[in-house]
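# Per-entry structural report
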Amino acid sequence: MIYAGIGGTHPRDVRVEVRNLELFVLPKLSRRWCMLDRASAPSGRHFRENFSGDAADRGATTIAKQSTLTLLQADRVFHFWGERVSLPKGGVAGVYVQYEARMVPARPGGSLTGKANYVGSASADYWKDANAPAGFVGTFNNDVAIGRFKRLSERFRLFTMNSNAWPAAR
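Once that is clear, we can look at the overall build of the chain. Looking only at helices and strands, one finds zero helices and 13 strands in the chain. Order of helices (α) and strands (β) in the chain, N terminus to C terminus: β-β-β-β-β-β-β-β-β-β-β-β-β. Each of the 170 residues in the chain was classed as buried or not, and the buried ones make up 45%. Within the chain, contacts between residues at least 6 apart in sequence are counted, and of these 71% link residues at least 24 apart.

In structure tokens form, the structure reads like this:
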């Protein structure tokens, strides 16, 4: 997820670029880490900052071959994801998520003159129903974990989350 930091503005000349979202799990049975999902250009939507209600697609979002670009809005958070995947049989002993993000000029050749203050955090959700609609956190899904928040910069930064607990596979 990408949030506006405290005191951050939303300059029209700054976009956020996200790429290489990856989900790894440590199955209890094999005890060997495996990648369950990879999205070079993850899908995403803009939600209210407190995630109340459903998603709203305010802000321009472009999904390219190698990344996703979006223009953040003052009252929204950009939440993005890969595919919903099934857990390995026997349960999961660990979860690891990573992605890269940075701020980029909205126009080619532009500069980052605005005072954007964006922070990112990696996370994962446990879905009770693979076909449930997005939004309504706590109704159809719960957090696996939320990683440490870090500021975005002009260079790609790696954002990570890890957890040693996840509900058992059904």
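Here the structure, examined in full by the defined rule, presents three salt bridges. The closest approach of N and O atoms between Arg 102 and Glu 17, which form a salt bridge, is 2.8 Å. Of this pair, Arg 102 sits in strand β8 (residues 92–105) while Glu 17 sits in strand β2 (residues 14–27), and the two are 85 residues apart along the sequence. Assessed through its relative accessible area of 25%, Arg 102 is described here as partly exposed. Across the pair Arg 38 and Glu 22 runs a salt bridge, and its minimum N-O distance is 2.8 Å. Taken together, the residues span a long stretch of sequence, with Arg 38 in strand β3 (residues 34–39) and Glu 22 in strand β2 at a distance of 16 residues.

So, about the nonpolar core. The biggest cluster of nonpolar side chains holds 29 residues, and the ones touching the most others in it are Ile 2, Val 18, Val 95, Val 97, Tyr 99, Tyr 118 and Leu 152. The set of elements that each furnish at least two residues to this core consists of β1 (2–4), β2, β7 (76–81), β8, β10 (123–127), β11 (141–146) and β13 (157–163). Counting residues in each nonpolar core, the second largest holds six residues, with Met 1, Phe 47, Phe 51 and Val 119 among its members.

Conventions and cut-offs
- Residues numbered from 1 in each chain as written.
- Predicted model: local features only at pLDDT ≥ 70, side-chain atom pairs only at ≥ 80, totals over all residues.
- Heavy atoms only, no water.
- Helix = DSSP H or I, 4+ residues; strand = E, 2+ residues; numbered from the N terminus.
- Buried < 20%, exposed > 50% of the residue type's maximum accessible area, 1.4 Å probe, protein only.
- Contact = heavy atoms within 4.5 Å.
- Salt bridge = Lys/Arg side-chain N within 4 Å of Asp/Glu carboxyl O.
- Core = buried A, V, L, I, M, F, W, Y, C linked by side-chain atoms within 4.5 Å.

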